[in-house]
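# A look at the structure
Here is what each chain is made of, one letter per residue.
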Amino acid sequence: TFAQFEREIIVERTRDKKLQRAEKGLWNGGSVPIGYKREGGKLLVDKEKSKRIKEIFETFVLTGSIARTLDFARANNIKTGRKNLPMSMSTLWNILRNPRYIGYMKYSGKIYKADNEPLISEELFEQAKHLRNKKIIKQRLYREYPLARLIACSECGSNMTPSFANKPTRRYYYYKCYKVVRDSKACGLKGVNAERVE
């Protein structure tokens, strides 16, 4: 009981310490954002990589395309993380969302003024944010699937999972056998039209 109590006290003190650091705008550890380097517990600008971050934002704003921005990052050999891996789509989205690049930081769901030097202007970040939000809205499914997790495949007994297909004129919605999602030849019942089955 005393050991558990001591652990809880340590966790609480650590959390409070990190919150105090965040309120002061200090670096709280974790992965160092691309464009910065860590020295003495602070984030300093990496002159070479910081140029790449600005180019990524500018490319996204000019093209309005996350795919073309990813192509740009890979074509220019912009690496990520400690292992210097090729740029991925998820990493690119994280870069475009990171307020660190305009001198702010996010901690525990709140935004604080950071002590690091910004890499881009707030205007450029807001332009990217506007485009980013448009992309997210376009990617959402504008439909509820009321029978999700309620119906099963009559052939193999697997659950039927929501799915859709884009055609030139419209988007079609289906309930697809879960086995087919993993392996197209796993079941004879590929999928059923959502509107019909509902």
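Everything numeric here is computed off the predicted structure, so don't read it as measured data.

## What about unusual backbone geometry?
With the exception of glycine, the majority of residues adopt a negative phi angle, and the majority of peptide bonds are in the trans configuration. Of note, Asn77 is a non-glycine position whose phi angle comes to about 60°, a positive value. Residue position: Asn77 is located in the loop between α3 (66–75) and β3 (79–80).

## Here's the deal with helix α2 (residues 47–63)
Along its 17 residues, α2 runs 25 Å from first to last C-alpha, staying within 8% of the 24 Å computed at 1.5 Å per residue. Taken as a whole, α2 has its buried residues at Ser50, Ile53, Ile56, Phe57, Thr59 and Phe60. Two residues or fewer after α2 comes Gly64, characterised by a positive phi angle close to 70°.

## With respect to the sheet that holds strand β8 (residues 171–177)
Taking strand neighbours across the sheet as the criterion, the 3 strands line up as β7-β8-β9 in an open arrangement whose pairing is antiparallel. In this open sheet, the two strands that pair with only one neighbour each are β7 (160–166) and β9 (191–193). Each neighbouring strand pair of the sheet contributes to a mean axis angle of 35°, computed without reference to strand direction.

## Observations concerning the environment of Tyr174
Its place among the elements puts Tyr174 in strand β8. Residue classification places Tyr174 among the partly exposed residues on the basis of a relative accessible area of 26%. Separated by 20 residues in sequence, Tyr174 and Ala194 have C-alpha atoms that sit 4.5 Å apart. Ignoring sequence-local partners within four residues, the contact set of Tyr174 consists of Tyr145, Thr161, Pro162, Ser163, Phe164, Ala165, Val192, Asn193 and Ala194.

## Side note on the confidence of the model for the protein chain
Averaged over every residue, the pLDDT of the protein chain is 84; the share at 70 or more is 94%. The weakest mean pLDDT in the protein chain belongs to helix α6 (residues 178–182) at 78; the strongest belongs to α2 at 91.

## What about the packing of α2 against helix α4 (residues 89–97)?
Packed helices, taken two at a time, are described by the angle between their axes plus the distance between the axes. The N-to-C vectors of α2 and α4 enclose an angle of 95°; their axes lie 11 Å apart at closest approach. Here α4 runs roughly perpendicular to α2, going by the angle between their axes. Where α2 approaches α4, its residues Ile53, Ile56, Phe57 and Phe60 are matched on the opposing element by Leu92, Ile95 and Leu96.

## Comments concerning the nonpolar core
Core analysis: the largest hydrophobic core is formed by 25 residues, its most contacted members being Phe57, Met87, Ile95, Tyr101 and Ile120. The set of elements that each furnish at least two residues to this core consists of α2, α3, α4 and α5 (122–139). Ignoring anything within four residues of it in the chain, the contact list for Ile120 reads Lys54, Phe57, Tyr101, Ile102 and Phe125. Cys153, Tyr173, Val180 and Ala194 belong to the second-largest nonpolar core, a separate cluster that totals 9 residues.

## Remarks on the side chain of Thr80
Here Thr80 is to be found in strand β3. Among the residues examined, Thr80 registers a relative accessible area of 11% and is labelled buried. Dropping the residues within four chain positions of it, Thr80 is found in contact with Ile34, Leu85, Pro86, Met87 and Thr91.

## Brief notes about the state of the cysteines
For the coordinates displayed, the defined rule picks out 0 disulfides. Left without a disulfide partner, Cys187 is nearest to the cysteine sulfur of Cys153, which lies 3.6 Å away.

Criteria and thresholds
- Residues numbered from 1 in each chain as written.
- Predicted model: local features only at pLDDT ≥ 70, side-chain atom pairs only at ≥ 80, totals over all residues.
- Heavy atoms only, no water.
- Helix = DSSP H or I, 4+ residues; strand = E, 2+ residues; numbered from the N terminus.
- Expected span 1.5 Å × (residues − 1).
- Buried < 20%, exposed > 50% of the residue type's maximum accessible area, 1.4 Å probe, protein only.
- Pairing = 2+ DSSP bridges.
- Axes fitted to C-alpha atoms, helices over the stretch in contact; angles between N-to-C directions.
- Contact = heavy atoms within 4.5 Å.
- pLDDT = per-residue confidence, 0-100.
- Parallel < 35°, antiparallel > 145°, perpendicular 65-115°, else oblique.
- Core = buried A, V, L, I, M, F, W, Y, C linked by side-chain atoms within 4.5 Å.
- Disulfide = S-S within 2.5 Å.

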